[in-house]
Amino acid sequence: MNEHEVEMLRVQLAGLGRPWTPQDVAEALRGLGLVVSDAMVLYAVEALRRGSVGAGRLEPLLRLPGLTDVLVNGPDQVLMDRGLGLEPTGVVFESDDEVRRLATRLAASVGRRLDDACPFVDARLADGTRLHAVLSTIADPGTCLSLRVPARRSFAIADWVVNGSITEPMAEFLRALMASRVAFLVSGGTGSGKTTLLAGLLGLVPAGQRLLIVEDSRELAPDHPHCVRLECRAPNSEGAGAITMTDLVRQALRMRPDRLVLGEVRGGELCDLLTALNTGHEGGCGTVHANSVRDVPARLEALAALGGLGREACHAQVAAALRVVVQVARLPDGRRSVTELGVVQRATSGHVVIETAVACPDGRRLRPGPAFDELAELTGVSAGGEPA
């Protein structure tokens with residue numbers, strides 16, 4: 001049975017005006033002049049369900065343990081990531097039209113539009129999976145799908161140690177960082193583990209403190225009993241109804257947060273976060289894309305410009321608001337690890353620089369950096385990873 005015949009079968013069954021049964025499928029197959037057998041009916045039922053329920057051909061992949069991403073590059077290439085880098089899946093689609101129908105249906109399931117007039121979409125599905133799709137009208141080798149699967153459980157800092165991702169001395173620095181209530185950012189590249197690490201760190205916050213988490217797309221799920229999560233909303237098909245990160249940060253500040261958390265700082269909302277951290281909100285944090293701690297000031301400067309904050313004002317605000325940057329990276333062996341802790345300092349020029357306090361490039365051995373004494377003073381942890 002080819003794709004065209006499955007589509008004709010679907011049209012016939014839709015005309016019944018009621019849920020179809022396997023008997024209905026068999027009769028519709030006869031009406032199409034196809035040979036009817038038990039195997040053919042079973043195949044047709046599976047093909048119909050695959051095209052109307054869940055993620056179709058991708059559904060078995062999404063159930064695999066440890067899965068973080070499924071990437072579809074047109075009909076002939078489907079890749080997945082289970083924590084050790086991208087690997088082929090062997091799954092193929094019959095045509096680009098099938099990939100497009102799947103992408104359109106997933107987008108429509110959460111009220112988002114995907115068509116030639118709006119050929120890309122970024123949304124969160126009902127189960128928390130993050131969907132990004134680009135149609136073949138602007139993508140080669142065809143319609144592209146990116147599914148980011150949320151972690152099925154939270155990874156505490158202790159889990160990072162057990163998995164060999166970070167050392168116990170590094171874990172002690174991170175625990176002390178949370179206990180000190182200094183403001184910090186987690187930086188790193190895409191897929192480096194920023195969100196997973198931040199969720200683990202937030203799990204260390206005492207139960208009596210109230211977390212207000214603001215995200216563009218809901219990903220953070222810390223193991224904490226008092227957590228309020230706010231999520232942005234895209235505009236509707238008429239361009240109205242959008243709720244931005246800036247809107248939500250301002251609302252969060254009115255909700256008595258003990259800790260204000262931005263899932264990812266990616267625009268002008270940085271200005272609101274810096275303002276909040278400079279007006280008595282201790283322990284605020286967030287994530288930001290950057291290749292190293294030294295690149296963070298330039299990244300923040302660019303984001304602040306989107307919010308109308310000039311260079312000098314940005315550096316002044318950052319110097320007063322932030323104290324530490326935690327750098328995460330994916331190592332060559334596939335492990336996600338904390339590779340560096342940096343301390344925010346102000347250079348003689350008045351601009352902010354991030355000086356390395358602790359480096360752990362291989363995820364196994366810590367090396368003190370020029371700003372180690374300052375980090376030890378902020379956290380109360382000695383060079384051996386023990387309380388000073």
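Small disclaimer: the values here were computed from a predicted structure and weren't measured.

Procedures and definitions
Residues numbered from 1 in each chain as written. Predicted model: local features only at pLDDT ≥ 70, side-chain atom pairs only at ≥ 80, totals over all residues. Heavy atoms only, no water. Helix = DSSP H or I, 4+ residues; strand = E, 2+ residues; numbered from the N terminus. Buried < 20%, exposed > 50% of the residue type's maximum accessible area, 1.4 Å probe, protein only. Contact = heavy atoms within 4.5 Å. Areas by Shrake-Rupley, 256 points an atom, 1.4 Å probe, with all protein chains shown as cover. Lys, Arg positive; Asp, Glu negative; His and termini not counted. Charge placed at Lys NZ, Arg CZ, Asp CG, Glu CD. Pairing = 2+ DSSP bridges. Axes fitted to C-alpha atoms, helices over the stretch in contact; angles between N-to-C directions. Salt bridge = Lys/Arg side-chain N within 4 Å of Asp/Glu carboxyl O. Polar contact = N/O pair within 3.5 Å; in protein donor to acceptor, adjacent residues only side chain to side chain.

Colleague: Looking at this structure, I do not really get the overall build of the chain. What am I missing?
Modeller: Tallying secondary structure elements over the chain gives 13 helices and 15 strands in all. With the C-alpha coordinates of the chain rotated into their principal frame, the extents come out at 80 × 45 × 40 Å. In the chain, buried positions account for 47% of the 388 residues. A separation threshold of at least 6 residues defines the contact pool for the chain, and within that pool the share at least 24 residues apart is 51%. As displayed, the chain has an accessible area near 17,900 Å², and 53% of this comes from carbon and sulfur atoms. One way to put it: in the chain the 41 positive side-chain charges average out to a point 3 Å from where the 47 negative ones average out.

Colleague: Please clarify how the sheet that holds strand β2 (residues 78-81) should be interpreted in this entry.
Modeller: Each strand in a sheet pairs with another by means of backbone hydrogen bonds, the pair being arranged parallel or else antiparallel. Reading across the sheet, the six strands line up as β3-β2-β1-β6-β5-β4 and stay open at both edges, with antiparallel pairing between neighbours. In the strand order of this sheet, the two ends are held by β3 (86-88) and β4 (120-124), each with one partner. Ignoring which end each strand starts from, the neighbouring axes of this sheet average 15° apart. Relative to β2, strand β1 (residues 69-73) runs antiparallel, the two being bridged by four bridges. Residue pairing across strands places Val70 opposite Met80, the latter belonging to β2.

Colleague: Can you help me understand the pattern of salt bridges in this one?
Modeller: Here the idea is simple: oppositely charged side chains can pair when their charged atoms come close. In this structure the tally under the stated criterion is 21 salt bridges. Salt-bridge contacts for Arg148 lead to Asp69; the nearest nitrogen and oxygen are separated by 2.5 Å. With Arg148 in strand β6 (residues 144-148) and Asp69 in strand β1, this residue pair connects regions lying 79 residues apart in the sequence. Between Arg82 and Glu87 there is a salt bridge, with the nearest N and O atoms lying 2.9 Å from each other. Overall, Arg82 belongs to the partly exposed group, its relative accessible area being 37%.

Colleague: Hey, could you run me through the pairing of strand β5 (residues 130-134) in this one?
Modeller: For a regular strand, the rule is simple: side chains alternate between the two faces of the sheet. A large share of β5 lies buried, amounting to four of its five residues. Here β4 runs beside β5; their pairing, made up of five bridges, is antiparallel. Within β5, the residue paired with Val121 across the bridge is Ala133. Examined bridge by bridge, β5 and β6 share five bridges and lie antiparallel to one another. Each residue of the ladder has a partner; that of Arg130, found in β6, is Arg148.

Colleague: Quick question: what am I supposed to make of the pairing of β1 here?
Modeller: Bridge count for β1 against β6 is five bridges, and the pairing is antiparallel. Within β6, the position partnered with Val72 by the bridge is Leu145. The antiparallel hairpin formed by β1 and β2 contains four residues in its connecting segment, where Gly74 sits at a positive phi of about 75°.

Colleague: Please clarify how the side chain of Arg259 should be interpreted in this entry.
Modeller: By secondary structure assignment, the location of Arg259 is in strand β10 (residues 259-262). A polar contact of 2.9 Å, which involves the side chain of Arg259, links it to the backbone oxygen of Met178. A distance of 3.0 Å separates the side chain of Arg259 from the side chain of Gln209, its partner in a polar contact.

Colleague: Whenever I open this one, the sheet that holds strand β13 (residues 336-346) confuses me. Can you help?
Modeller: Taken in spatial order, the nine strands line up as β9-β8-β10-β11-β7-β12-β13-β14-β15 in an open sheet, and their pairing is mixed. Two strands close off the open sheet at either side, each with one partner strand: β9 (227-231) and β15 (367-368). Note: β10 against strand β11 (residues 285-289), two bridges, orientation parallel. Looking at the pairing, Leu262 lines up with Gly286 of β11. Along the sheet, helix α8 (residues 194-202) contacts β7 (184-188), β8 (211-215), β10, β11, β12 (324-330) and β13; its crossing angle with β7, the most-contacted strand, is approximately 150°. Sitting on the sheet, helix α13 (residues 372-379) touches β12, β13, β14 (352-359) and β15, and the angle it makes with β13 is about 95°.

Colleague: Where do I start with the environment of Leu274 in this structure?
Modeller: In this fold, Leu274 is placed in helix α10 (residues 269-277). Classification of Leu274 as buried rests on a relative accessible area of 1%. Between the C-alpha atoms of Leu274 and Asp122, which are 152 residues apart in sequence, the distance is 27 Å.

Colleague: Is there a simple way to explain the environment of Gly193 in this structure?
Modeller: Counting through the fold element by element, Gly193 comes out in the loop between β7 and α8. The class of Gly193 is buried, set by a relative accessible area of 10%. Separated by 151 residues in sequence, Gly193 and Leu42 place their C-alpha atoms 42 Å apart. Once residues within four sequence positions are removed from consideration, Gly193 is found in contact with Trp160, Val328 and Arg336.

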